[in-house]
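Breakdown of the fold
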Amino acid sequence: MALRQGDVATAKVQLARTLKISHNTIGNSQLVGVVLVALAPVQLDKGDSSGASALLDSAFTILRGIHDLPSVVACVDAMVALQERLGNTGERPF
């Protein structure tokens, strides 16, 4: 709702709270990681490349920690796509 009203800062805080509650209540790290990967392109479309990168970095850390290889691959693919979209085509160690 906050995002629809143009209040991006409040929307970010609400999303962070929701993900934290979901993680603590359900205990599903995979769900949180996958949601973060899915939200990164949304952040990028809003012009927030650093926010998109932070989402992907967090997702990578979570997904790597639970050894979810398919989701880690999807996350790395999203990281590469982000860098390509930003014009960074050089090699970057992960």
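In the block above lies the structure referred to throughout.
The following paragraphs examine the structure supplied in this document. Keep in mind it's a predicted model, so treat the numbers as computed, not measured. (Residues numbered from 1 in each chain as written. Predicted model: local features only at pLDDT ≥ 70, side-chain atom pairs only at ≥ 80, totals over all residues. Heavy atoms only, no water.)

1. Quick look at the side chain of Ser71
Rules: The helix and strand labels rest on DSSP assignments: H or I over at least four residues marks a helix, E over at least two residues marks a strand, and numbering proceeds from the N terminus. Summary of the burial criterion: residues with accessible area below 20% of their type's maximum are buried, those above 50% are exposed, and those between are partly exposed, where the area comes from a 1.4 Å probe applied to protein chains only. When checking whether two residues touch, look at their non-hydrogen atoms; a contact exists if any pair is within 4.5 Å.
Within the element layout of this structure, Ser71 appears in helix α4 (residues 69–85). What makes Ser71 buried here is its relative accessible area of 11%. Leave out the neighbours within four places in its chain, and Ser71 touches Gln30, Val34 and Leu63.

2. Description of helix α2 (residues 29–45)
Threshold: Expected span of a helix, by definition, is 1.5 Å for each gap between consecutive residues, and there is one gap fewer than residues. What the bend at a residue measures is the angle between two axes, fitted to the seven residues ending there and to the seven starting there. Under the rule applied, a polar contact is a pair of N or O atoms within 3.5 Å (in protein, one hydrogen donor and one hydrogen acceptor; residues adjacent in sequence only if both atoms are side-chain atoms).
Relative to the 24 Å expected for 17 residues at 1.5 Å per residue, α2 spans 25 Å between its end C-alpha atoms, a close match to the ideal helical length. For α2, the principal kink sits at Leu39 and spans about 25°; a proline, Pro41, occurs within the next four residues. What α2 keeps buried is the set Ser29, Val32, Gly33, Leu36, Val37, Ala40, Gln43 and Leu44. Lining the buried residues of α2 we find α1 (8–26), α3 (49–65) and α4. Two or three places before Gln30, at the opening of α2, Asn28 has a side-chain oxygen 3.2 Å from that residue's backbone nitrogen.

3. Here we look at α4
In plain terms, the rule: The arc in question is the one spanned by the directions pointing from the helix axis to the C-beta atoms.
An ideal rise of 1.5 Å per residue puts 24 Å on 17 residues; α4 measures up with 24 Å between its terminal C-alpha atoms. Those residues of α4 not exposed but buried are Ser71, Val72, Cys75, Ala78, Met79, Leu82 and Gln83. On an axial view of α4, the arc spanned by its buried residues comes to 135°, and they lie on one face. Away from its buried face, by an angle of more than 90 degrees, α4 presents the exposed residues Leu69, Pro70, Asp77, Glu84 and Arg85. Each element contacted by the buried residues of α4 is listed here: α2 and α3. Following α4 by one or two positions, Gly87 adopts a phi angle in the positive range, close to 90°.

4. What to know about the nonpolar core
We apply this condition: The term nonpolar core refers to a set of buried residues drawn from Ala, Val, Leu, Ile, Met, Phe, Trp, Tyr and Cys, joined through side-chain atoms within 4.5 Å.
In this structure, Leu36, Val37, Leu56, Ala59, Leu63 and Cys75 are the most contacted members of the largest nonpolar core, which totals 17 residues. Breaking this core down by element, the ones donating at least two residues are α2, α3 and α4. No other element matches the six residues that α3 contributes to this core. Other than its neighbours up to four places away in sequence, Leu56 contacts Val37, Ala40, Cys75, Ala78, Met79 and Leu82.

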